[in-house]
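Per-entry structural report
Here's the letter readout for the chains.
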Amino acid sequence: MEIIVEKMEELRQISKEIWKNPELGYEEKYAHKIITDFLKNNGFHVEESYLHPTGFRASFGTTSTNHRESGGGDKGSSHACVMVEYDALPEIGHASGRNLVTESGLAAAIVIKSSIERGETKGKVSVLGCPGHEGNGGKVDAIKKKFFEDIDFAVSAQPYTSDISTPLMLTIMRLCVTYKGKQAHASAHPWEGRNALDAAVLCYNNISVLRQQLKPLMQIHGIITKGGVKPNIIPGETEMEFYLRAKDHVDMAVLQQRANGAFVAAAKATGCEIEFNFQEKPYSNLTSNPTLAKLYEKNAEKYGISFTRNCEELQIPVGSTDVGNVSHVIPTILPTFSIGTSARNHTEAFAEAAGSDAAHECAVNVGKALAATAIDVMSDKNLQMQMKEDFTSVNSASMTAWH
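As a starting point, this report considers the structure included with it. (Residues numbered from 1 in each chain as written. Predicted model: local features only at pLDDT ≥ 70, side-chain atom pairs only at ≥ 80, totals over all residues. Heavy atoms only, no water.)

With respect to the sheet that holds strand β13 (residues 332-333)
The condition is simple: For two strands to count as paired, DSSP must find a minimum of two bridges between them. Counting from the N terminus, the helices are the DSSP runs of H or I reaching at least four residues and the strands are the DSSP runs of E reaching at least two. Only heavy atoms matter for contacts: two residues are in contact if any of them lie within 4.5 Å across the pair. All axes are obtained by fitting lines to C-alpha atoms, using only the stretch in contact for helices, and the reported angles, taken between N-to-C directions, cover 0 to 180 degrees.
Taken in spatial order, the 6 strands of this open sheet run β1-β2-β4-β3-β5-β13, and their pairing is mixed. The open sheet terminates on both sides in strands that have one partner only, identified here as β1 (45-48) and β13. As paired elements, strand β3 (residues 78-85) and strand β5 (residues 153-155) share 3 bridges and run parallel to each other. Following the sheet pairing, C81 is matched in β5 by A154. Across the face of the sheet, helix α2 (residues 29-41) comes into contact with β1, β2 (56-61) and β4 (123-130) while running at roughly 160° to β1.

Okay, structure coming up:
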């Protein structure tokens, strides 16, 4: 891990710069430049603007005897992927700590490369730059473009309030519901109108009532994004945005059917028409690979990382991610890691903590553990076989139509 000592300050500065200059999804021009510059300067072959203007892929090594790069491997060796993210949230900046996702990922990547370069590990490492994580599904695009076809496994990590090797992350479907009624003067001729706001309010209440009968890991979040123009005009059109989450694809199908009943009932009750607009890139639930997760725990503990064993905390969903989609395609892990704060993700306090020196130290240690895990697998055929067997077993019953 000598390379980490050498690059420690540079990694810290990259994280700090991304943190100080938050950019929304697909607008991460500055982050894209400093990350790709770092990878180029450290011997990676970099393809900028991969899939998206602010996306990239970088690689070092080879898995083929016919195409041997500096420090490359041989036929049958493993290809590891490290996924990094760098977009921020509106108004509150890096409240998901994606500057730290990048820092831990870059740390892991340079350690794996160094091991390949020195001949200690055979194979290839790729870094996938994933812009627009917040709802845009950059990794879904990478799956569709067959980026992961020649990759054996993928790793990344997510800042959180505690260290969890196999966090619970739910499948999510996003949609917009539009109610169309008829405008009318609210005082003079209200009977000529059909109130689209009434439909939205009824819909919201229907969903609120429905929640009582849902399974614990079935969730519905919704807001009214368009409610009318003026009080004396009966709204002719309203819009609502909803997130549906569930444990897996099977429960999502059930939840979608239940929610649809609530949406349609509001339209019928108010005489309005209803339209649905589904976000085209739903996220799958995360299926963490047991072999990778166990190796990560073992390696992380060597760097002072202590994992929570609190059963209640382990049952709390961390959220949703397009890393879940990747986990249905190849063996994957996305452990969460503490950054030394009790503040929750998506808050100003967490955003502040993400820029701290303590968070930097945590991210680097996580990067070391991810690298050690990848190197373990790349160096051991038995581990590779066990990882693949676990993947088949864990994902055999999964519905993967979204991928």
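Digging into the sheet that holds strand β7 (residues 171-180)
Here 4 strands make up an open sheet; going across it, the order is β9-β11-β7-β12 and the pairing antiparallel. Here the strands that pair on one side only, and so sit at the sheet edges, are β9 (219-226) and β12 (273-278). Here the strands of the sheet are splayed against their neighbours by 20° on average, with no regard to which way each runs. Note: β9 against strand β11 (residues 237-246), 7 bridges, orientation antiparallel. Looking at the pairing, I224 lines up with M240 of β11. Running at roughly 15° to β11, helix α6 (residues 196-210) makes contact with β7, β9 and β11 of the sheet.

Observations concerning the nonpolar core
Selection criterion: Throughout this description, the term nonpolar core refers to a set of buried Ala, Val, Leu, Ile, Met, Phe, Trp, Tyr and Cys residues connected via side-chain atoms within 4.5 Å. To sort residues, take the accessible area from a 1.4 Å probe on protein chains only and compare it with the maximum for the residue type: under 20% means buried, over 50% means exposed, and anything in between is partly exposed.
Of all hydrophobic cores here, the largest spans 60 residues; its most connected members are I4, I35, L39, F44, I112, F153 and Y296. Top contributing element to this core by residue count: helix α12 (residues 357-378), with 11 residues. Setting aside its immediate chain neighbours within four residues, F44 contacts L39, A58, S59, F60, A109, I110, K113, V125 and V127. Membership of the second largest hydrophobic core comes to 25 residues, among which are M173, L214, F242 and C272.

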